[in-house]
Amino acid sequence: MPNSTQSPYLLLANIGQLLTLRGANVPRRGRDLQEIGLIKDAAVLCGGGKILAAGPQRELLRDPWLRTNRKKVQELDCRGQVVIPGLIDCHTHPVFAEPRLVDFERRIGGAGYEEIAAAGGGIRSSVAAVRKSSRGELSKKVLAALNAMLEQGTSVVEAKSGYGLSVEDEIKSLQAIRDAARQWPGEVVPTLLAAHVVPQEYGGKADEYVKKVCEEMIPLVAKKKLAQYVDVFCDRGAFTQEQSEKVLAAGRKHGLGTRAHVCQFTAAKLKPLLEHQPASFDHMDCVQPEDVSLLARGETVAVLLPGANYFLGHKDFPDARRLIDAGVPLALATDYNPGTSPTPSMPFVMSLACTHMKMTPAEAIAASTINAACALRMQDRKGSLEAGKDADMAIFDVKDYREIAYWFAWDRCAEMVVAGKLMGLGKR
Ligand SMILES: [Zn+2]
């Protein structure tokens, strides 16, 4: 127990249900995805931005240090509410200027994703707007999105560039992420997604663009330390298998981690991509059976993004049950972006995971906390509430954790603790 006399100590008392997600710092698979470490009538003590103790309140209050120092400790009465680790949104595209309302209406009228892209909508229309925007304008938008995410329980966000698609505009996008991250209490993991689509000016010259990404953008971004990961959209209408491998190889060569958008519309061969040790494969709507068993043996996390399926009006969703039952480690994220998933809400995504992918509420929470931390390779610090980990917590105004996914499109997040500090959201 701490012996410092000054307080940045915080005690969360009278927690009705505490979901610790405690256990080994490895992705949960199969039946283990259900293990949420539920403790009733619990308390959590934080100090110096870390969890000092989390457990049954009766035991925790008996602690000799706490008994003598109780007056120095700030206390929050949770009044029987539910406390879980801060949610981790491990896949977002927050650097954009405008909503894509024309696409929205075209889609309602029956046009498909690729048809809209071919008609000049889609990702390319966001590119034009981002190129026209200043770094300051973009960082304001990113910060607004981060704040909306925090309001709904999220304390860690992976944020991609990918609507700039030139050296200058991808750098500007990553700088906008960094500027916003510095003003936000949570943690942001920046990713370079220069290989999102082939920009208009490189029409018919995709290989040339890939060369620019690999030989100019990736080295520069690595040198400026603007990103931790390199991502690539490997699918029909974006980049081929071979081009994607080149991008990931260049990322690794320059010391960046890798991740990939795969199998959203068409199946990719995952084995060659796995050579580049990706932290995650994202979307995974149409993964091949032989690749499922391959993933079950590896550490790469499958990140499912049902918000995109919902917003595109698809009947089909990623087959979470098949992946879980085969032992593939799985995480959830919003895919926050202007074209296919304009939601900052992890609880809504968790609800979709339950209703459309037949995940249990417990699985949805594990996939949004400890497994999402694994997808960003930060499970040593994030994703569970155990002594020594970062004190990031979401307090929901519900009596039972299953309500978090049950009350869909209803923001029940009452308060956040980030790095041991109460955020004072003013919703309790
Ligand atoms: Zn995405």
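The rules we used
- Residue indices begin from 1 for each chain and proceed along its sequence in written order.
- Local features in this predicted model are restricted to residues whose pLDDT is 70 or higher, and side-chain atom pairs enter the listing and the counts only when it is 80 or higher, whereas totals over whole chains, interfaces and linings include all residues.
- Side-chain metrics in this entry use all non-hydrogen atoms of the structure; hydrogen atoms and water are not considered.
- The numbering of helices and of strands both runs from the N terminus, where a helix is a DSSP run of H or I of at least 4 residues and a strand a run of E of at least 2.
- Here the globule rule reads 2.2 Å times residues to the power 0.38, and the radius of gyration is calculated from C-alpha atoms.
- Working definition: with a 1.4 Å probe on protein chains only, accessible area under 20% of the residue-type maximum means buried, over 50% means exposed, and in between means partly exposed.
- Here, two residues are considered to be in contact whenever any of their heavy atoms come within 4.5 Å of each other.
- Distances decide who is a donor: an N, O or S atom must be within 2.8 Å of the metal, or within 3.2 Å for Na, K and Ca. Water is not included, so sites may look incomplete.
- To form a nonpolar core, buried Ala, Val, Leu, Ile, Met, Phe, Trp, Tyr and Cys residues must be joined to one another through side-chain atoms within 4.5 Å.
- By this definition, two strands are paired if DSSP reports at least two bridges between them.
- Looking down the strands as they point away from the viewer, one classifies a crossover as right-handed if the path from the first strand across the helix to the second runs clockwise.
- Here the term patch refers to residues with relative accessible area over 30% and no salt bridge, with like charges joined within 9 Å and nonpolar side chains (Val, Leu, Ile, Met, Phe, Trp, Tyr) within 5 Å.
- The Shrake-Rupley method, run with a 1.4 Å probe, gives the accessible areas here. Residue values count only the displayed protein chains as cover.
- Here, a salt bridge means any Lys or Arg side-chain nitrogen found within 4 Å of an Asp or Glu carboxyl oxygen.
- To get an axis, a line is fitted to the C-alpha atoms, and for a helix only the part in contact is used. The angle between two axes follows their N-to-C directions and goes from 0 to 180 degrees.
- What sets the label is the angle itself: under 35 degrees gives roughly parallel, over 145 gives roughly antiparallel, 65 to 115 gives roughly perpendicular, and the rest give oblique.
- Residue polarity is assigned by list, with Asp, Glu, Lys and Arg as charged and Ala, Val, Leu, Ile, Met, Phe, Trp, Tyr, Cys and Pro as nonpolar; anything else, Gly included, falls into the polar class.

**Quick look at the overall build of the protein chain**
Within the protein chain, the secondary structure is distributed over 17 helices and 16 strands. Computed over the C-alpha atoms, the radius of gyration of the protein chain is 21 Å, within 12% of the 22 Å expected from 2.2 N^0.38 for a compact globule of 428 residues. Seen through its C-alpha atoms, the protein chain measures out along the principal axes to roughly 70 × 45 × 40 Å. Put simply, the protein chain has 428 residues, and 61% of those count as buried. Summarising the internal contacts of the protein chain: among those between residues at least 6 apart in sequence, 72% fall at separations of at least 24.

**Overview of the coordination of the zinc ion**
Taken together, His-91 (NE2), His-93 (NE2), His-261 (NE2) and Asp-335 (OD) make up the full set of protein donors to the zinc ion, lying 2.0 to 2.6 Å away. All donors of the zinc ion come from a single chain, and their spacing in sequence reads H-x1-H-x167-H-x73-D. Remark: Asp-335 occurs in the loop between β13 (330-332) and α14 (346-357) and His-91 occurs in strand β6 (residues 87-92); sequence separation between them is 244 residues. Taken individually, His-91 and Asp-335 each receive the classification buried, so the pair is uniform in this respect.

**Quick notes on the nonpolar core**
Ranked by internal contacts, the top residues of the largest apolar core, which has 102 residues, are Val-247, Val-262, Leu-270, Met-284, Leu-332 and Met-359. The dominant element in this core, judged by the number of residues it contributes, is helix α8 (residues 206-223), at nine residues. Contacts of Met-284, omitting those with residues within four sequence positions, involve Val-262, Cys-263, Leu-270, Leu-295, Ala-302, Leu-304 and Pro-318.

**Structural notes on helix α5 (residues 123-132)**
For α5, the complete set of buried residues consists of Ile-123, Ser-126, Val-127, Ala-129 and Val-130. For α5, the secondary structure elements touched by its buried residues are α4 (113-118), α6 (135-151), α7 (167-182) and β9 (229-234).

**With respect to the pairing of strand β14 (residues 393-396)**
Side chains on a regular strand alternate between the two faces of the sheet. Residues Met-393 and Ile-395 of β14 are buried on one face, and the alternating residues Ala-394 and Phe-396, pointing to the opposite face, are buried as well. With four bridges joining them, strand β5 (residues 82-85) and β14 adopt antiparallel strand pairing. Its bridge partner lying in β14, Ile-84 is registered against Ala-394. Pairing of β14 with strand β15 (residues 413-418), which is carried by four bridges, proceeds in the antiparallel orientation. Residue pairing for β15: Ala-394 is matched across the bridge by Met-416.

**Observations regarding the pairing of strand β10 (residues 257-262)**
A large share of β10 lies buried, amounting to six of its six residues. Side chains Gly-257, Arg-259 and His-261 of β10 all project onto a buried face; the interleaved residues Thr-258, Ala-260 and Val-262 project onto the opposite face, where all are buried too. Here β9 runs beside β10; their pairing, made up of six bridges, is parallel. Across the sheet, the residue bridging to Cys-234 is Val-262, located in β10. Read from β9 through helix α9 (residues 241-253) to β10, the crossover connection turns out right-handed. Bridge analysis of β10 against strand β11 (residues 280-283) gives four bridges, and the strand direction is parallel. Paired with His-261 across the bridge in β11 is Asp-282.

**Overview of the environment of Gly-121**
The residue Gly-121 is located in the loop between α4 and α5 in this model. With 19 residues separating them along the chain, Gly-121 and Val-102 place their C-alpha atoms 7.7 Å apart. With sequence-adjacent residues up to four places away left out, Gly-121 is seen in contact with Asp-103, Arg-106 and Ile-116.

**Overview of a nonpolar patch on the surface**
A cluster of nonpolar side chains, contributed by Leu-101, Phe-104 and Ile-108, occupies part of the molecular surface with about 320 Å² of accessible area. As for its placement among the helices and strands, Phe-104 is situated in helix α3 (residues 101-108).

**Some words on unusual backbone geometry**
Phi at His-283 is positive, roughly 95°, even though this residue is not glycine. Among the structural elements, His-283 can be located in strand β11. With a relative accessible area of 3%, His-283 lands in the buried category. Phi angles above zero are rare outside glycine, and Lys-358 is one such case at about 60°. By secondary structure assignment, the location of Lys-358 is in the loop between α14 and α15 (361-368).

**So, the packing of α8 against α9**
Running from amino to carboxyl end, α8 crosses α9 at an angle of 5°, the nearest separation of the two axes being 9 Å. What the angle tells us is that α8 and α9 run roughly parallel. The residues of α9 that touch α8, namely those facing Ala-206, Asp-207, Val-210, Val-213, Cys-214 and Ile-218, are Gln-243, Lys-246, Val-247, Ala-250 and Gly-251. Grouping the amino acids of the contact of α8 with α9 by side-chain chemistry returns seven nonpolar, two polar and two charged.

**Quick notes on the pattern of salt bridges**
On inspection of all chains with the given rule, the structure shows 23 salt bridges. Residues Glu-201 and Arg-131 are paired through a salt bridge, measuring 2.9 Å at the closest nitrogen-oxygen approach. With Glu-201 in the loop between β8 (187-195) and α8 and Arg-131 in helix α5, the pair connects residues that are 70 residues apart, well separated along the chain. Here Lys-160 makes a salt bridge to Asp-231, at a shortest N to O gap of 2.8 Å. Remark: Asp-231 occurs in strand β9 and Lys-160 occurs in strand β7 (residues 154-160); sequence separation between them is 71 residues. There is no split in this pair, since Lys-160 and Asp-231 are both buried.

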